[in-house]
Amino acid sequence: MSSTLATFFVVKGMGISRRLVSLPVIILLSILISGCQTTMKKGPDATAETPEVQENQSESAENTTEPEITEPEIIEEVEPFADLETAETVVISEKRTKVGFLLPLSGRHKAIGESLLNAAQLALFDISGEKFDLVVRDTAGTPTGARTAMESLITEQVDLVIGPLFATSVSEITPLARQAGINVLSFSNDQAVAGDGIYVLGLTPEEQIRRVVDYAASQGIRRVAVFAPDNDYGRRIVSALQIQSYGSGVELTRLGFFNPSDPDLEDEVKAIANYNVRHQSLLAHKATLKSRGDAASRRALARLRGRDTLNPPNYEAIIIPTGGKQLLTIAPLLNYYDVDPSQVKYLGTALWNNPKLGREPALVGSWYAAPSPVHWENFKDRYKVLYGRTPPRIVTLAYDSVALAAVIARQAESQSTAVNYSKSLLTNSQGFAGLDGVFRLHADGRSERGLAILSLERDLINVVDPAPASFTPLVN
């Protein structure tokens, strides 16, 4: 890998239509269709009908009619493929690069799998060389299906595996991958399955919490609360905050959990708001003022008219790591029970990545951490033209991972060397720049991303702190 930050996102703008003419042919040549266990598209086709993509929980905030996202005023971008566009490819053998791709192309997650495959096909068209094959296998969205698919890829002697989508499937294929000496770029965001050649590319809750808490601390916030779902995800959020608090100077002053399957969260919201104690404090204070009976006390009583509590809660920000309808239930309840968003900053994760959430007044001006939207809008529009529908946000993982594999293969061809998806190459400390911004892989299998801080406004999303354009050097 070159010493400079490797970039592979493609933002062609007006040049897109020129490349579409030959797209189906290129995609057909780039994928080993005969090895796929389900019917596959031959390439992006603007007239083809595809099933509606159903979003999973992590993508529940995506919508099909998003308004334009406001971008930072100045974004310095590296010219994509500056070192590849003019490079003369030197082929030293007939050996082709084979990259396995594990997707749920049947079963209840079929729509997500097909969307990921569509994005991968765009990456193939944009970036891959003539001797790069994507060997697609269907996992059916189950661990057993993933194991069978992985066994098939090992038989194919692939050089690298991309996918699968779920942590349980990653765990199932891990022994096979390690025994075969094949590195895996999975779409999971569960760090528990990472390590020893298994990398997790999914956006982890830990890095989202680190980013939003650090930004809140930079804005003077020191005391925070967390209102999290009572599940593994929620506990990971709390653990990440507890760890982050040591270095950021932020203190966790109140913690509450809720049942994510319970539609009635009023009691839990009252508890995290400490409403009953604060309400009783108000009543006691009013009684004291009434007992005094002097003019100053009467004026103080008049100022308390319409108030339900005496003081704000003992935190300056509250983290609510959920999205969609659940967030639209919790946010107004918090406001109702006197967690005033003008006094307490509402903080979230990438589950908030939906401009429609800004229609809830309590969420206007709130902050959350997510990948930069700078390249997403162009890619989303291009995808919609080709496939006839807006993609779920998760598809950038497929594009970036396939693009990364293709870039490494092209650079090896241009340098007359064999393709090698080695640990040292994948964990380049300077990282890579993709559709979701800069990211890099660590030796322990974790991924690190440069995230932006976004703010919800009515029907739009603002970038309040841009994502970094590069990483600081790793400290060993």
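Now for a description of the structure that goes with this document. Here the structure is a predicted model, which means the values were calculated and not measured.

### Considering the overall build of the chain
1) Next: Each helix and strand counted, the chain has 14 helices and 16 strands in total.
2) Next: Counting across all 476 residues of the chain, residues that qualify as buried make up 53%.
3) Next: Partitioning the contacts of the chain with sequence separation of at least 6, the portion at a separation of at least 24 is 73%.

### What to know about the pairing of strand 7 (residues 223-229)
1) Next: When you tally the buried positions in strand 7, you get six out of seven residues, the bulk of the element.
2) Next: Two strands pair when backbone bridges link them, and strand 7 and strand 8 (residues 251-258) are joined in this way by seven bridges, in the parallel orientation. Residue pairing across strands places Arg223 opposite Glu251, the latter belonging to strand 8.
3) Next: You can see the chain leave strand 7, run along helix 7 (residues 232-248) and come back into strand 8, and the turn it takes is right-handed.

### With respect to the pattern of salt bridges
1) Next: Enumeration according to the criterion identifies 17 salt bridges in this entry.
2) Next: For Arg147, the salt bridge is made with Glu172, and the minimal N-O distance between the two is 3.8 Å. Taken together, the positions of Arg147 in helix 4 (residues 143-155) and Glu172 in helix 5 (residues 167-180) put the pair 25 residues apart, joining distant regions of the chain.
3) Next: Glu316 is paired through a salt bridge with Arg223; the nearest N and O atoms lie 3.9 Å apart. Of this pair, Glu316 sits in the loop between helix 10 (295-303) and strand 9 (317-319) while Arg223 sits in strand 7; the two residues are 93 residues apart in sequence, bridging distant segments of the chain.
4) Next: The partly exposed category is assigned to Glu316, whose relative accessible area is 25%.
5) Next: Of the residues examined, Arg223 reaches a relative accessible area of 33% and is grouped as partly exposed.
6) Next: Members of the salt-bridge network, linked through shared partners, are Lys98, Arg137 and Glu156.

### What about the nonpolar core?
1) Next: Counting residues in each nonpolar core, the largest one holds 56 residues, and the members touching the most others are Ile318, Ile320, Leu334, Tyr346, Trp352 and Leu363.
2) Next: No other element matches helix 6 (residues 205-218), which puts six residues into this core.
3) Next: Setting aside chain neighbours within four positions, we find Leu334 in contact with Val269, Ile272, Ile318, Ile320, Val339 and Tyr346.
4) Next: Listed in part, the 48 residues of the second largest apolar core include Ala119, Phe187, Leu397 and Val407.

### With respect to helix 12 (residues 376-387)
Owing to its 3.6 residues per turn, the α-helix brings residues three or four apart onto one side.
1) Next: Here helix 12 is twelve residues long and its end C-alpha atoms lie 16 Å apart, about the 16 Å a rise of 1.5 Å per residue gives.
2) Next: Those residues of helix 12 that sit buried are Trp376, Glu377, Phe379, Lys380, Arg382, Tyr383, Leu386 and Tyr387.
3) Next: Just beyond helix 12, the residue with positive phi is Gly388, at close to 80°.

### Considering the sheet that holds strand 5 (residues 184-186)
1) Next: Sheet architecture is open: five strands sit in the order 3-2-4-5-6, paired in parallel fashion. What marks the edges here is a single partner per strand, and that holds for strand 3 (132-138) and strand 6 (198-200). Ignoring which end each strand starts from, the neighbouring axes of this sheet average 20° apart.
2) Next: Sheet analysis places strand 2 (residues 97-103) next to strand 4 (residues 160-162), joined by three bridges and oriented parallel. Bridge pairing links Phe101 to Ile162 in strand 4.
3) Next: The strands touched by helix 3 (residues 110-127) are strand 2 and strand 3; relative to strand 2, the strand with the most contacts, the crossing angle is about 155°.
4) Next: Seen against the sheet, helix 13 (residues 395-414) touches strand 2, strand 3, strand 4 and strand 5 and runs at an angle of roughly 145° to strand 3.

### Here we look at helix 6
1) Next: If you check helix 6, its first and last C-alpha atoms are 20 Å apart, about what 14 residues at 1.5 Å a residue would give, namely 20 Å.
2) Next: Where burial is concerned, most of helix 6 is hidden: eleven out of the 14 residues are buried.
3) Next: Residues Pro205, Glu206, Glu207, Gln208, Ile209, Arg211, Val212, Val213, Tyr215, Ala216 and Ala217 constitute the buried set of helix 6.
4) Next: Two residues or fewer past helix 6, Gly220 is found with a positive phi of approximately 95°.

### Some remarks on the sheet that holds strand 15 (residues 451-457)
1) Next: In space, the seven strands of this open sheet follow the order 8-7-9-10-11-15-16, with mixed pairing throughout. Each edge of the sheet is formed by a strand with only one pairing partner; in this case those strands are strand 8 and strand 16 (460-465). Strand after strand, the sheet turns through a mean of 30° between neighbouring axes, direction not considered.
2) Next: As paired elements, strand 15 and strand 16 share five bridges and run antiparallel to each other. Residue pairing across strands places Ile453 opposite Asp465, the latter belonging to strand 16.
3) Next: Its contacts with the sheet put helix 7 on strand 7, strand 8 and strand 9, and the angle it makes with strand 7 is roughly 165°.
4) Next: Taken strand by strand, helix 11 (residues 324-336) contacts strand 7, strand 8, strand 9 and strand 10 (345-348), and its axis lies near 160° from that of strand 10.

### Quick word on the environment of Tyr368
1) Next: Here Tyr368 is to be found in strand 11 (residues 367-371).
2) Next: Among the residues examined, Tyr368 registers a relative accessible area of 0% and is labelled buried.
3) Next: Apart from residues no more than four positions distant in its own chain, Tyr368 is found in contact with Val212, Gly348, Thr349, Ala350, Trp352, Asn353, Ala452, Ile453, Leu454, Leu456 and Ile461.
4) Next: At 2.7 Å, the side chain of Tyr368 forms a polar contact with the side chain of Asn353.

What counts, and at which threshold
- Residues numbered from 1 in each chain as written.
- Predicted model: local features only at pLDDT ≥ 70, side-chain atom pairs only at ≥ 80, totals over all residues.
- Heavy atoms only, no water.
- Helix = DSSP H or I, 4+ residues; strand = E, 2+ residues; numbered from the N terminus.
- Buried < 20%, exposed > 50% of the residue type's maximum accessible area, 1.4 Å probe, protein only.
- Contact = heavy atoms within 4.5 Å.
- Pairing = 2+ DSSP bridges.
- Right-handed = clockwise from strand over helix to strand, strands pointing away.
- Salt bridge = Lys/Arg side-chain N within 4 Å of Asp/Glu carboxyl O.
- Core = buried A, V, L, I, M, F, W, Y, C linked by side-chain atoms within 4.5 Å.
- Expected span 1.5 Å × (residues − 1).
- Axes fitted to C-alpha atoms, helices over the stretch in contact; angles between N-to-C directions.
- Polar contact = N/O pair within 3.5 Å; in protein donor to acceptor, adjacent residues only side chain to side chain.

By themselves these figures say nothing about function.
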